[in-house]
Amino acid sequence: MQQNDPDITLITADAPVAANTHGGRAKCLQRLVRLDLPVPETIALSFDQVHRIAAGRVPDMAPILAPFADDQLLCVRPSSEDPDWGGPGAVLNIGMNGARLETLSERIGARAAARLYVKFIQSYSIHVARLDPDIFDDLDLNAPDAVVQVLDAYEDEAEEPFPQARGDQLIGVLRSMARAWEGTTARLLRTAKGAPADAGLGLVVQSMVLGVGQGECGSGVLQLVSSETGLPQVTGRYLSQSQGRDALQTGAAALFLERDDRGPSLEEQAPTAFEHLKEHAAVMRARLREEMQCEFAVDNGVVHILDGVRVQRTARAAVRIAVSLAKDGVIPREEAVMRIEPRALNELLHRQIDPNAERDGVGNGVAASPGAATGKIVFSAAEAQASAARGEACVLVRRETNPEDIRGMHAASAALTERGGITSHAAVIARGLGLPCVVGASSMRFQTRKKRLIGMDGRVFREGDVITVDGSNGQILAGEAPMVEAALDDAFQSLMTWADAVRDIDVRANADTPDDARTALNFNAQGIGLCRTEHMFFEADRLIAIREMILADTPEDRSAALAQLLPLQKSSIAELFRIMQGMPVCVRLFDPPLHEFLPTDRSGLRDLAEALNLPLSDVTRRVEALGEYNPMLGMRGVRLGITVPEIYEMQARAIFEAMLLARADGTPVLPEIMIPLVSAKREVELVKTRIDGIAAAVRTESGQNFDYRLGVMVETPRAALRAEDIAPHCDFFSFGTNDLTQMTYGLSRDDAGRFMSPYVQQGVFPEDPFHIMDREGVGELLKLGAERGRKARPELILSVCGEHGGSPESIAYCRELGMNYVSCSPFRVPVARLAAAQLAIQDKIA
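These numbers were taken from a predicted model, which means no experiment stands behind them.

Parameters at a glance
- Residues numbered from 1 in each chain as written.
- Predicted model: local features only at pLDDT ≥ 70, side-chain atom pairs only at ≥ 80, totals over all residues.
- Heavy atoms only, no water.
- Core = buried A, V, L, I, M, F, W, Y, C linked by side-chain atoms within 4.5 Å.
- Buried < 20%, exposed > 50% of the residue type's maximum accessible area, 1.4 Å probe, protein only.
- Helix = DSSP H or I, 4+ residues; strand = E, 2+ residues; numbered from the N terminus.
- Contact = heavy atoms within 4.5 Å.
- Pairing = 2+ DSSP bridges.
- Axes fitted to C-alpha atoms, helices over the stretch in contact; angles between N-to-C directions.
- Salt bridge = Lys/Arg side-chain N within 4 Å of Asp/Glu carboxyl O.

A. The nonpolar core, seen in detail. Ranked by size, the top nonpolar core spans 146 residues in total, and within it Phe656, Phe733 and Leu782 carry the most contacts. Broken down by element, the residue count for this core peaks at 11 residues, all from helix H26 (residues 645–664). For Phe733, the residues in contact, after removing those within four places along its chain, are Val712, Val714, Ala723, Ile726, Ala727, Gly785, Gly789, Leu796, Ile797, Leu798 and Ser799. Membership of the second largest hydrophobic core comes to 57 residues, among which are Leu45, Ile135, Met177 and Ala199.

Next comes the structure, spelled out in structure tokens:
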């Protein structure tokens, strides 16, 4: 065998070994060799060689066996390109036979040697010869003749003697592992983990360190940090007189590593070996620039490093580890920023189900808002508020939510809907609130009139029953699940500070209420990019006034009703200005169709008639008259502002007077007013004229001068196409990609969940366009709108304020288009900040 043979390679410091040709394990072992760590002799077989073995081409065994002594036992382990892709299980003690049994019996004792041989025969029978494990069930494996019993059982079942030559055994093991990797089941498993279907497998053949014998012998694993928290902590297990990963499987029989009051430890039994082990792990951390888990064996007090793998970690631990490595000077800060998957931050920002907990799943849907929560089932917003008043956690269950449910969502611990997709009403509101939410749970039956929820397995849940909603993976569980609390610790803060130092696009938050604004500020949002003013009207005292305005017969009556809302809206907006402390606040004028504020059932209509002192028949008739065939494309947004101008006039006055209130407290404010659903230049001209008039009136009344910015929410294809006409009348464009995606595709975001999965699975769409921006269609409209808008007005401020604003893929496109900022739900702000920083670092490296 040549050391530089690309297919059968002795692992040395300069051998031609790479992760993409021999796998991650082989490459890691080479790095350990370069660090002069005590790694047993190892041969690496390339992906190509293993593929040939799977095809039935037996390799020349001479070069594979050449580095090993004739009586050396071997083990074979898989080496996939990414360790997370898995692989066949390791096979130990290859070369064990009758002759080796005799020599080992003299060295380690007959009983221990027999036990090794029996374990090898069992392993070979099951994993290589593919015999039924049951053939050993009736044998007494502790009997003096156990070896004879298992050899006879093998021969009876296989109809041939157990192979005695080490080369024959090794060929069988290599062939079995190679074919297992290329089998259908293994291919499906690894593709589910993100591996390509044709991913290669390498194999490593290594000298066995017995872990059994005289003196202190055994095996175990060690790491220097906690996988749960990332804090420094010697973690792992060790088992005397054992091999491989037995220490992790035997439970109570294993020893602790460090001294521990709960039981004996390796540190006590072999202090020198323990110190050497810690030193080796520290070297691996410093030189491999990563927290590593060592798999090791001890032979008569001497430590051998068998393997090193990246420490498994939660998102919380990943952040702590990356920050610690940077603070210790092991990696640069920018690399620490790059090591964290932005979406993984969701695990830190929200409570999550304990990953080690058993799950009793009863349904699945779209994971609409991350986090998990447990509560009693309620079927209405009123019941949710009542539960909150009693101090009881509840889950709001609805077929789909509407604006009247917002108060119930504020009161609930989680939300679950039968219909909807990633940008449905429930999903958007839940993300803004940081409320765990699953939508589109069509695997369950929602019998809301009977107040019953039927799981996919037929179990029936009634009002008051306890369920758990996992908004991170879209699962609904029966009963209460153990939770892991959110963790915004000092490591998280350090990481985000480093991210902000390199980020080159601003990140604002969509915030409608003072609580939303405080959350946004806590996550270091650089302002509010979208304040949906209509969400301020759903409190009971405001809802009756807005309903009175909607049902008014004359402009005078309408103005009188709006006069009741003016001080309420003014105080809410002023509070937002104060909380944001001079940062920009973009206030969107009234957008939804008016019918959303009106009751639909007879009981609600009766209550409304009583509140307004009107006949029930009049109220019913007027509510029915406001109905539309397609309200989301009907009388809403700027169309409402032009046909019912008193609404926008009241809101403009509320914004300007709120600004003066905040200024009186010393808060500098430059308000931004956004007109929704614009599709024509003339719409902007008409609304701008009225807002300018209100501004002039407020300046005269107050004796104070002020400025403001006016912009449009570009959410219709025509607005993007005619951006050059619209831009001269605006200070900014904010692309509302939720509605823009709906209108570009002709697709309801509330109903898309019913067929989106099959569409993505069959390649109609590469991804859900409401989740990841469609660059080819919606993205093309953004590009045209940005280019044409800035052609007419070069200083035009550009942003995205739909839910795509929090998507790392969409942020990348926004940067390419020269957007000034993105805006997203408050709890997605850290995700967007980190994603934007990583994009800036990538550009810098390139």
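B. Structural view of helix H18 (residues 425–433). In terms of burial, H18 is a largely internal element, eight of the nine residues being buried. Those residues of H18 lying buried are His425, Ala426, Ala427, Val428, Ile429, Ala430, Arg431 and Gly432.

C. Here's a closer look at the sheet that holds strand S1 (residues 8–10). Pairing in this open sheet of five strands is antiparallel, and the strands run S1-S2-S5-S3-S4 from one edge to the other. This sheet does not close on itself; its edge strands, each paired only once, are S1 and strand S4 (91–94). The average angle at which neighbouring strand axes cross in this sheet is 25 degrees, direction not considered. Sheet topology note: the strand S3 (residues 74–80)/S4 ladder contains two bridges and is antiparallel. By the bridge assignment, Val76 is partnered in S4 with Val91. Seen against the sheet, helix H8 (residues 166–181) touches strand S2 (42–45), S3, S4 and strand S5 (201–207) and runs at an angle of roughly 20 degrees to S3.

D. Local environment of the pattern of salt bridges. Here the structure, examined in full by the defined rule, presents 59 salt bridges. Put simply, Asp512 and Arg532 hold a salt bridge, and the shortest N to O gap is 3.1 Å. Taken together, the residues Asp512 in the loop between strand S23 (506–510) and helix H20 (514–522) and Arg532 in strand S24 (residues 528–532) connect sequence positions 20 residues apart. Neither residue differs from the other here; Asp512 and Arg532 are each classed as buried. The salt bridge involving Lys791 is made with Glu724; its shortest N-O contact spans 3.9 Å. Here Lys791 is found in helix H32 (residues 778–792), whereas its partner Glu724 is found in helix H29 (residues 723–726), with 67 residues between them in sequence.

E. Region of the structure containing the sheet that holds strand S20 (residues 466–470). The eight strands lie next to each other as S11-S21-S20-S13-S14-S15-S16-S12, forming an open sheet whose pairing is mixed. Each edge of the sheet is formed by a strand with only one pairing partner; in this case those strands are strand S11 (361–364) and strand S12 (366–369). The mean inter-strand angle of the sheet, taken between neighbouring strand axes irrespective of direction, is 30 degrees. Across four bridges, the pairing between S20 and strand S21 (residues 475–478) is antiparallel. Following the sheet pairing, Val469 is matched in S21 by Ile476. Across the face of the sheet, helix H16 (residues 381–389) comes into contact with strand S13 (372–378) and strand S14 (394–398) while running at roughly 180 degrees to S14.

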